[in-house]
Amino acid sequence: MALSVLFALSALLLLGLDEVSVRPASAAADVVEITYGSVIKLMHERTKYRLHSHDVPYGSGSGQQSVTGSPDVDDSNSYWIVRPQPDSSARQGDIIETGAIIRLQHMKTRRWLHSHLHASPLSGNLEVSCFGADDRSDTGDFWRLEIEGSGKTWRKDQRVRLLHVDTGGYLHSHDKKYNRIAGGQQEVCGVRDKRADNVWLAAEGVYLPVNASK
């Protein structure tokens, strides 16, 4: 896991964040707020697989970059940068409240977590893909944060759901596993109703400190 965190730290430096104090989530014993600009792994609560992507297209549906759930905790392809929507006044280091619309940018390929009405390959639910680039993003990349329980701001290890704005589908995973595009990895898709299998938690990552100037 140490190598995985070092990879994320290196990426932050390449992104021009070398002037901020970053901390691996595992280094802090107190409450860790998730802030814009943080680099995180999202863990599927029931299966413990991490939200994952790689430069491999779906063989059906949109043909866009595939998104899966990976059992490998140390895989660097499971890091995502938490971003606000483009017209937001939110800044790097701002906390994220329930109801906020966020985007998740895949750190390695620079594409955005995306969904649309194409059918997912294994279950026929809503396909979830990665699409776009640093300067190319649309409303298909918008996800509304829903915090489970009484919490108002997103914190590490807090149960959350992500609701896709355009399709009304919750980010979802289950035990259906791929044999070909990502052998042993499980399907990630969207479903339009709340289920136990669309709960996620922020796990490993590099969390930027809260912006004290706001």
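Up top is the structure.
Thresholds, definitions, all that
- Residues numbered from 1 in each chain as written.
- Predicted model: local features only at pLDDT ≥ 70, side-chain atom pairs only at ≥ 80, totals over all residues.
- Heavy atoms only, no water.
- Helix = DSSP H or I, 4+ residues; strand = E, 2+ residues; numbered from the N terminus.
- Contact = heavy atoms within 4.5 Å.
- Areas by Shrake-Rupley, 256 points an atom, 1.4 Å probe, with all protein chains shown as cover.
- Salt bridge = Lys/Arg side-chain N within 4 Å of Asp/Glu carboxyl O.
- Buried < 20%, exposed > 50% of the residue type's maximum accessible area, 1.4 Å probe, protein only.
- Core = buried A, V, L, I, M, F, W, Y, C linked by side-chain atoms within 4.5 Å.
- Phe/Tyr/Trp six-rings, centres within 6.5 Å; stacked < 30°, edge-to-face > 60°.
- Lys NZ or Arg CZ within 6 Å of the ring centre and 35° of its normal.

Of regular secondary structure, the chain possesses one helix and 13 strands. Listing each helix as α and each strand as β along the chain from the N terminus yields α-β-β-β-β-β-β-β-β-β-β-β-β-β. The contacts of the chain with a sequence gap of at least 6 include a subset with a gap of at least 24, amounting to 68%. With an accessible surface of roughly 9,400 Å², the chain has 50% of that area assigned to carbon and sulfur atoms.

The next subject is the pattern of salt bridges. Within this structure, the stated rule accounts for 11 salt bridges. Of the charged contacts in the structure, one is a salt bridge between R50 and E204, with a shortest N-O distance of 2.5 Å. Of this pair, R50 sits in strand β3 (residues 50-57) while E204 is found in strand β13 (residues 200-207), placing the two residues 154 residues apart along the sequence. For the pair shown, R50 and E204 are each scored as buried. Ionic contacts of the salt-bridge type, sharing partners, join the residues R46, D175 and D197 into one network.

We now examine the nonpolar core. Ranked by internal contacts, the top residues of the largest apolar core, which has 29 residues, are L51, I96, I102, L113, W154 and L171. For this core, the secondary-structure elements that each account for two or more residues are β2 (39-44), β5 (80-84), β6 (101-106), β8 (126-131), β9 (143-147), β10 (160-164) and β13. When sequence neighbours within four positions are dropped, the list of residues in contact with L51 reads L42, V67, T68, S78, W80, L113, L171, V188 and W200.

Looking now at the packing of aromatic side chains. Within this structure, the stated rule accounts for zero aromatic pairs. When the ring centre of W112 is taken as reference, the NZ or CZ atom of R103 above it lies at 4.0 Å. Here R136 stacks its cationic end above the ring of F131, 5.5 Å away from the centre of that ring.

Before going further, it helps to examine unusual backbone geometry. Despite not being glycine, R110 has its phi angle at roughly 70°, a positive value. Note that R110 resides in the loop between β6 and β7 (112-119). Positioned with a positive phi, D157 is a non-glycine residue whose angle comes to about 70°. Note on placement: D157 falls in the loop between β9 and β10. Of the residues examined, D157 reaches a relative accessible area of 48% and is grouped as partly exposed.

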